[in-house]
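# Observations on the three-dimensional arrangement
Here are the chains, one letter per residue:
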Amino acid sequence: MATLSSTHCRSYSPLPSSSYAPSSSSYLCFKLGHRQRVSVSSGSKRFLQAKVSIQSHTNSGGRTHDGAVTTTVAPIENDIPFKKLKDGLLSVSSSDECKDAMTFDINENEPTVSITVVGASGDLAKKKIFPALFALYYEDCLPQQFTIYGYARSKMTDADLRNMVSKTLTCRIDKRENCTEKMEQFLKKCFYHSGQYDSPENFAELDQKLKEHEGGRVSNRLFYLSIPPNIFIDSVRCASLSASSGNGWTRVIVEKPFGRDSESSAALTKALKQYLEEDQIFRIDHYLGKELVENLSVLRFSNLIFEPLWSRQYIRNVQLIFSEDFGTEGRGGYFDNYGIIRDIMQNHLLQILALFAMETPVSLDAEDIRNEKVKVLRSMRPLQLENMVVGQYKSHTKGGVTYPAYTDDKTVPDDSLTPTFAAAALFIDNARWDGVPFLMKAGKALHNKRAEIRVQFRHVPGNLYNQNFGTDLDRATNELVIRVQPDEAIYLKINNKVPGLGMRLDRSNLNLHYAARYSKEIPDAYERLLLDAVEGERRLFIRSDELDAAWALFTPLLKELEEKKIIPEYYPYGSRGPVGAHYLAAKYNVRWGDGVDQ
Ligand code: NDP
Ligand code: BG6
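As the structure is a computational prediction, the values presented were derived from the model and not from experiment.

## Digging into the site of ligand 1
Not every one of the 17 residues close to ligand 1 is listed here, only the nearest: Ser-121, Leu-124, Ser-154, Tyr-197 and Ile-227. In the model, an oxygen atom of ligand 1 is placed 2.7 Å from a nitrogen or oxygen of the Ser-121 side chain. Tyr-197 places a polar side-chain atom, nitrogen or oxygen, 2.6 Å from an oxygen atom of ligand 1. Protein burial of ligand 1: of its 870 Å² of free accessible surface, 75% is covered by the chains. Take the shell around ligand 1: its biggest share by element is three residues, from helix 3 (residues 123–138). In terms of residue class, the shell around ligand 1 is made up of seven nonpolar, four polar and six charged.

See the structure below:
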C-alpha cells in the first residue's frame, strides 16, 4: 500500500495548474514489511532527483555520516508513482488528501524528529526560529512525530517558554485562520530545558527528556545553535557527546558568524569536525533561503532568453545592493567586532554573487551546485583596497528627531573605525566574466531598506534609434532587477515607443510583481532552511570549502583595512551613504541603479 508520509508540505504546491513544477516534498512510502519502509523521495521538497532511501527500523543498511539510513535501489519500472516522479509528472496531492492519508496510516514506528534550539532565550530564537517552526507546523510541513526543545541557561519552565513563543509570534501566520488553535497544538509540542552550554551533564539530562518524547522510535535530532560564536564548540561538544541520536541522524545548524577571517574560520571548522562530520553541519546563510534568491537559478536556467545573455558579451555590470534604514542599535557589541563587510558582504552578498555567476551545474544536487559556486569564488580576483570604500554613520537630525551616530552606542568604543557601510568592485577572472565589474554595496542606517540584484546590459550596437537617446547610450540599456526585498519583484527595463503618431521613446518595466501575481504569502527564509535541514537537503547551506574561499577573498583586505586603520567616510544617518561609492562605480563607468530607480 502506498501512502503519503507526514513530511508532505502543502506550502510548496505548484501554484498555477499549468505548472510542470515537481511534486515538492512528496514522499511516497512503500511498506516492505512490518519492519521496513522504503521512501521514494524527490530528493527534497523542491527537486526531482528521484532519490530512493530505505529507512530500516532494524538499523541495518547503509548510513551516511549523519546517521541517515540510505541506499540506492533500482527504480521499480512498473510502479506508477515512481515513474511519474521520475518524469516530473506527479502532481502534488492536496493537503486534504495528505491529511486523509496520514490519518489512516499513522505508523507508531514513524521516526521522530527532535529540534533543539540552543540559545532559546535569545533574540534570533524569538524573532525567527520559533515563528518559522510554527509556520512549518501550521503548513503541515513538520513530520508527524516531532518535539521542540528550547535550551539555554535562563531559568524557565515549559510554560514560560510557551508564553515567550506565543508572545513573539510575529510570523506571517498570525493573521491566518485557525491560528490560535494551531498555536495551542504547536505549543504543546514545545518544551524547555535549562542548562549550561559547556555541561555534558546538562545535555545528558536533555537527552533523557528527548528520549521520553521519542518513546523508543528511531530518533532524528536537529540542534540549532542560536548562540554567540564563542560558545559554539562547547555546545557542539556536549550535544554530540551527551545528546546525539543513538539510532537516527544528528544534524547541527550553525549560525553565522563562521569566524572573522580565514584563520578563525578554519579553526572553527576544525573544532566542529572533532565532533561532527561535514554532512552533519548545516552552516546557515539565511539569504540563500529568500524566495528571490531561490528563484535566481530558475530564472536563469529555465528561460531561454536569459542564459545566452549571461556573460561578459552582453552584461556590462552586476550590482548587489543591501541597505537598511536602521542602525546597529542593540547589536553594537557584536557588530563592532565584525563590521558590515563580514556581516553582509562576505556571506549574504557573496553567496548571491556565486549563485548568479556560476556555470550550469550538472544537476540540482547540492554537491553539484556547491561545486560550481566554489569555482566562482576561487576565480575571483584578490580584492584591492582601491576597489573598496568604507563608511560609518554619524548622527543626524531630521524633522526634529535626532538619529544617533554609530559610536553613540554604549557598547561601541568612541574611536571605533568599524565600517557600517562598504562598497566594493569585484571581478571574476574566468572566461564568462572577464572584465565585468560586480559592484557590491551594503550599509546600515541608510535612507531605505532593500536588497536587490541589478544587471545592466550593454548598449545595442548600431542602434537605429540612437538619436532618440542623446549622447549617453548607457542610459538606454536594458536592466534586469531582481528585488529580493521588500515587495519582491523581477522587472526588466526596456525601451519602447510612446503611443502616438510621433516617434518618442520611453523606458518601461516588464514587471513580475509578486504581490500582484501570487496571492500566497512568501515563506520566511528561516522556514525554508529549517525544513531543508530536517529533510537533509544541503543545497542552501554553506560547505566548508565555499566558506574557505569566501574568507580567502576578504581576509587580506580586512587585515589591510584594520592594520592601516583606514578612516571610514562619515555619512548622515538616513542618507544614501558616502559619496565615495559613486566615485568607485564611476571608475568602472557604472551608475548605481538604485540611485535612479526607487
Ligand atoms: P543573543 O545574544 O540573544 O544570544 C542568544 C542566547 O545565548 C542568549 O539568550 C543567552 O541565553 C545566550 N548567551 C548570550 N551571550 C552569552 C555568553 N556570552 N555566554 C553564554 N551564553 C550567552 O544572540 P542572538 O539570538 O541575537 O543570535 C544568535 C546567533 O545568531 C548569533 O550567532 C548571531 O550572530 C546569529 N544571528 C543573529 C541574528 C539576529 O537578528 N539576532 C541575525 C543573524 C545571525 P542564556 O543567557 O539564557 O543562556
Ligand atoms: C544578518 C545580519 O545576517 O542579516 C544583520 O547580521 C542584518 O546585521 C540581517 O540586519 C538582515 O537580514 P534580513 O533578512 O532582515 O534582510
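That was the structure; now back to the text.
## As for the packing of aromatic side chains
Overall, the coordinates contain 23 aromatic pairs when judged by the stated rule. Relative to Tyr-571, the ring of Phe-421 has its centre 5.7 Å away and its plane inclined at 65°; by these criteria the two rings are edge-to-face. Of this pair, Phe-421 sits in strand 15 (residues 421–426) while Tyr-571 sits in strand 22 (residues 569–572), and the two are 150 residues apart along the sequence. Across the pair, exposure class does not vary: Phe-421 and Tyr-571 are buried alike. Within the aromatic cluster, the residues linked to one another by ring pairs are Phe-335, Tyr-393, Tyr-403, Tyr-406, Phe-421, Tyr-571 and Tyr-573.

## Observations regarding the site of ligand 2
Near ligand 2, the surroundings consist of Lys-256, His-286, Tyr-287, Lys-290, Glu-324, Arg-331, Asp-343, His-348, Lys-444, Lys-449 and Gln-485. Contact between ligand 2 and Arg-331: an oxygen atom at 3.1 Å from a side-chain N or O atom of the residue. Interatomic distance of 2.7 Å between a side-chain N/O atom of Gln-485 and an oxygen atom of ligand 2. Here ligand 2, which alone exposes 400 Å², has 83% of that area covered by the protein. In terms of residue class, the shell around ligand 2 is made up of one nonpolar, three polar and seven charged.

## Considerations on the sheet that holds strand 5 (residues 112–118)
Taken together, the seven strands give an open sheet; going across it, the order is 7-6-5-8-9-10-21, and neighbouring strands pair in mixed fashion. The open sheet is flanked by strand 7 (190–194) and strand 21 (541–542), the only strands paired with a single partner. Judged from the seven bridges that link them, strand 5 and strand 8 (residues 219–225) form a sheet pairing that is parallel. Counted as the bridge partner of Val-117 is Tyr-224 from strand 8. The sheet strands contacting helix 7 (residues 232–242) are strand 5, strand 8 and strand 9 (250–254), and the helix crosses strand 8 at an angle near 165°.

## Quick look at the environment of Gln-313
Note that Gln-313 resides in the loop between helix 9 (291–301) and strand 11 (315–323). Gln-313 gets classed as exposed once you look at its relative accessible area, which sits at 54%.

## Considering the sheet that holds strand 17 (residues 450–457)
Pairing is mixed across the open sheet formed by nine strands, whose spatial order is 20-19-18-17-11-16-15-12-22. Edge positions in the sheet fall to strand 20 (505–513) and strand 22, since each of these pairs with one other strand and no more. Each neighbouring strand pair of the sheet contributes to a mean axis angle of 20°, computed without reference to strand direction. As paired strands, strand 17 and strand 18 (residues 479–485) are joined by six bridges and run antiparallel to one another. Opposite Arg-454, over in strand 18, you have Val-481 as the bridge partner. Contacting strand 12 (388–394), strand 15, strand 16 (438–443) and strand 22, helix 16 (residues 580–587) crosses the sheet at an angle of about 5° to strand 15.

## What about the pattern of salt bridges?
Pairing of side chains with opposite charge becomes possible as their charged atoms draw close. Inspection of every chain in the model, using the stated rule, returns 34 salt bridges. Note that Glu-291 is salt-bridged to Arg-528, the shortest N-O span being 2.4 Å. Of the two residues, Glu-291 is situated in helix 9 and Arg-528 in helix 14 (residues 525–535); the sequence distance between them amounts to 237 residues. A relative accessible area of 25% means that Glu-291 is categorised as partly exposed.

## Quick word on the packing of helix 3 against helix 14
At a closest axis distance of 8 Å, the pairing of helix 3 and helix 14 adopts a crossing angle of 65°. In terms of orientation, helix 3 lies roughly perpendicular with respect to helix 14. For the pair helix 3 and helix 14, the crossing hand works out as right-handed. For the pair formed by helix 3 and helix 14, the contact residues are Leu-124, Lys-128, Ile-129, Ala-132, Leu-133, Ala-135 and Leu-136 on the first element and Tyr-526, Glu-527, Leu-530 and Leu-531 on the second. Its residues assigned to classes, the contact of helix 3 with helix 14 comprises nine nonpolar, no polar and two charged.

## A closer look at the nonpolar core
Judged by nonpolar contacts, the single largest core of 151 residues is most densely connected at Phe-130, Phe-186, Ile-341, Phe-356, Phe-438, Ile-453 and Leu-480. Considering each element in turn, this core owes the most residues, 13 residues, to helix 10 (residues 332–357). The contacts of Phe-186, once residues within four sequence positions are left out, are Phe-130, Leu-133, Phe-134, Tyr-137, Phe-146, Ile-148 and Val-165.

## Section: a nonpolar patch on the surface
A grouping of Leu-417, Ile-567 and Tyr-570 is seen on the molecular surface, where their side chains present a nonpolar patch of about 280 Å² in accessible area. Summarising the element assignment, Tyr-570 is placed in strand 22.

## Some points on helix 3
With 16 residues, helix 3 extends 22 Å between its outermost C-alpha atoms, agreeing within 8% with the 22 Å of an ideal straight helix rising 1.5 Å per residue. The sharpest bend along helix 3 comes to roughly 30°, located at Ile-129, with the proline Pro-131 sitting one to four residues further on. Every buried residue belonging to helix 3 is among Ala-125, Ile-129, Phe-130, Pro-131, Ala-132, Leu-133, Phe-134, Ala-135, Leu-136, Tyr-137 and Tyr-138, and all of these are buried. Those residues of helix 3 that are buried are in contact with strand 5, strand 6 (146–152), helix 4 (158–167), helix 5 (179–187), strand 8 and helix 14. Phi for Asp-140, located one or two positions after helix 3, is positive at around 60°.

Calculation notes
Residues numbered from 1 in each chain as written. Chains lettered and ligands numbered in written order. Predicted model: local features only at pLDDT ≥ 70, side-chain atom pairs only at ≥ 80, totals over all residues. Heavy atoms only, no water. Near = heavy atom within 4 Å. Polar contact = N/O pair within 3.5 Å; in protein donor to acceptor, adjacent residues only side chain to side chain. Areas by Shrake-Rupley, 256 points an atom, 1.4 Å probe, with all protein chains shown as cover. Helix = DSSP H or I, 4+ residues; strand = E, 2+ residues; numbered from the N terminus. Nonpolar A, V, L, I, M, F, W, Y, C, P; charged D, E, K, R; others polar. Phe/Tyr/Trp six-rings, centres within 6.5 Å; stacked < 30°, edge-to-face > 60°. Buried < 20%, exposed > 50% of the residue type's maximum accessible area, 1.4 Å probe, protein only. Pairing = 2+ DSSP bridges. Contact = heavy atoms within 4.5 Å. Axes fitted to C-alpha atoms, helices over the stretch in contact; angles between N-to-C directions. Salt bridge = Lys/Arg side-chain N within 4 Å of Asp/Glu carboxyl O. Parallel < 35°, antiparallel > 145°, perpendicular 65-115°, else oblique. Left-handed = near helix turned anticlockwise from the far one by under 90°. Core = buried A, V, L, I, M, F, W, Y, C linked by side-chain atoms within 4.5 Å. Patch = residues over 30% accessible without salt bridge, like charges linked within 9 Å, V, L, I, M, F, W, Y side chains within 5 Å. Expected span 1.5 Å × (residues − 1). Bend = angle between axes of the 7 residues up to and from the residue.

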